[in-house]
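# Examining the three-dimensional arrangement
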Amino acid sequence: AQSVTQPDIHITVSEGASLELRCNYSYGATPYLFWYVQSPGQGLQLLLKYFSGDTLVQGIKGFEAEFKRSQSSFNLRKPSVHWSDAAEYFCAVALGINYGQNFVFGPGTRLSVLP
Amino acid sequence: DSGVTQTPKHLITATGQRVTLRCSPRSGDLSVYWYQQSLDQGLQFLIQYYNGEERAKGNILERFSAQQFPDLHSELNLSSLELGDSALYFCASSPAAGGDSHTEAFFGQGTRLTVV
C-alpha cells in the first residue's frame, strides 16, 4: 500500500543540538516531497520541497532535507536547533496527475526542545 | 500569513447539526484541498477541487460535501454531525492541478470544530 511513514512520534533535543527527522515513502514512482511544520494552534507552513534536480534541498529557518531514491527517504535536518523550532513536523508526498495532486501526509513527529 | 483564509476559526455545535466551513484560497490559486486533522487519524485528505470541479476524493464521508464557487472560494458542508467529527479542518490551495505543473499547497490556519 502507498504510504508515508515517520518512524519517530516524538523527539526531544537540547537547544543547539543537531536534528534529523526521518521520513520514508512507499510509492511506485518518485513523488513530489515536502516538509511542513505546524506550531501549536497554527496551520501548516511549508519548510521545503523537492520536485527534481539536486537531492539536497534548502528550506526556510535553516532546515535542509536530502532525497535518497535508493532508500525512499526524505529526511529533514537542522545543524543547530532553536527553542522556537518546537512544533510538529509533517512529511508529505504529492502524487501525480492521476491522483489529482492530492497530498498525503505522514503521521507527524513532535519535536520538543530542551533549554 | 499563507494567504489562505478560513472561517470561522472555531465552531461548537451539537450532534445531529449541520455546519459550513468556508475557505478563500490564495489569489490566483485554482486548486482547493480540504483536510481533516484529528488525534487518532492524523491529517486526512478529504477532497480537492480545481477551478470549480471536483478533482480528487479521499476519505470523505457521505455526510460531508464540498463545492468550489466561480470566485474560487470553497465550502465544506458537514451534516448529521457526530462526536467523532470533532477535529481541525484545514483548507489548502495551490495554483495547479497536477502533473508537471505541480506546486506546493499553502494551508490556512484551520477551523476547529467541536461537536458536543
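Heads up: these notes are all about the structure in this document. (Residues numbered from 1 in each chain as written. Chains lettered and ligands numbered in written order. Predicted model: local features only at pLDDT ≥ 70, side-chain atom pairs only at ≥ 80, totals over all residues. Heavy atoms only, no water.)

Scanning chain A for helices and strands turns up zero helices and 12 strands. Along the chain direction, N to C, the helices and strands of chain A fall in the order β-β-β-β-β-β-β-β-β-β-β-β. Its C-alpha atoms give chain A a radius of gyration of 14 Å, near enough to 13 Å, the size a compact globule of 115 residues would have. Along the first, second and third principal axes, the C-alpha set of chain A runs to 45 × 30 × 20 Å. Put simply, chain A has 115 residues, and 47% of those count as buried. Looking at chain A alone, contacts between residues at least 24 apart form 54% of all its contacts between residues at least 6 apart. Seen as two clouds, the 8 positive and the 8 negative side-chain charges of chain A have centres 4 Å apart. (Helix = DSSP H or I, 4+ residues; strand = E, 2+ residues; numbered from the N terminus. Rg over C-alpha atoms; globule rule 2.2 N^0.38 Å. Buried < 20%, exposed > 50% of the residue type's maximum accessible area, 1.4 Å probe, protein only. Contact = heavy atoms within 4.5 Å. Lys, Arg positive; Asp, Glu negative; His and termini not counted. Charge placed at Lys NZ, Arg CZ, Asp CG, Glu CD.)

This next bit is on the packing of aromatic side chains. This structure, assessed with the given rule, holds 16 aromatic pairs over all chains. Consider the rings of Tyr-32 of chain A and Phe-51 of chain A, whose centres lie 5.2 Å apart with planes at 85 degrees: the pair is edge-to-face. Placement of the pair is Tyr-32 of chain A in strand β5 (residues 32-38) and Phe-51 of chain A in the loop between β6 (44-50) and β7 (56-58), with a sequence separation of 19 residues. Judged by its relative accessible area of 26%, Phe-51 of chain A is partly exposed. Seen from their ring centres, Phe-90 of chain B and Phe-107 of chain B are 6.2 Å apart, and the 85 degrees between their planes marks the pair as edge-to-face. Residue Phe-90 of chain B is located in strand β9 (residues 87-94), and its partner Phe-107 of chain B is located in strand β10 (residues 106-107); the two are separated by 17 residues in the primary sequence. In this structure, Phe-90 of chain B and Phe-107 of chain B share a single accessibility class: buried. (Phe/Tyr/Trp six-rings, centres within 6.5 Å; stacked < 30°, edge-to-face > 60°.)

A separate point is the layout of surface pockets. Its volume calculated, the largest pocket comes out at about 500 Å³. Around the largest pocket, the lining comprises 24 residues; the ones closest to its centre are Gln-38, Glu-88 and Phe-90 of chain A together with Gln-37 and Leu-39 of chain B. Put simply, the parts of the chain that give the lining of the largest pocket at least two residues each are β10 (87-94) and β12 (109-114) of chain A together with β4 (31-38), β5 (42-50), β9 and β11 (111-115) of chain B. Residue contributions to the lining of the largest pocket peak at three residues, all from β10 of chain A. Here the residues of the lining of the largest pocket are counted per class, giving 11 nonpolar, nine polar and four charged. Here the second largest pocket defines a volume of roughly 430 Å³. (1 Å grid on protein atoms, 1.4 Å probe; cavity = no way out; pocket = protein on both sides within 12 Å on 5 of 7 lines; lining within 4 Å. Points joined across faces, edges and corners; volume = space filled by probe spheres on them. Nonpolar A, V, L, I, M, F, W, Y, C, P; charged D, E, K, R; others polar.)

Residue and element names in this part refer to chain B. As summarised here, the arrangement of the four strands in space is β1-β3-β8-β7, forming an open sheet in which the pairing is antiparallel. Two strands lie at the open edges of the sheet, namely β1 (5-7) and β7 (64-68), each paired on one side alone. If you compare each strand with its neighbour and ignore which way they point, the axes differ by 15 degrees on average. As judged from the three bridges shared by β1 and strand β3 (residues 19-24), these two strands associate in the antiparallel manner. Paired with Gln-6 across the bridge in β3 is Cys-23. (Pairing = 2+ DSSP bridges. Axes fitted to C-alpha atoms, helices over the stretch in contact; angles between N-to-C directions.)

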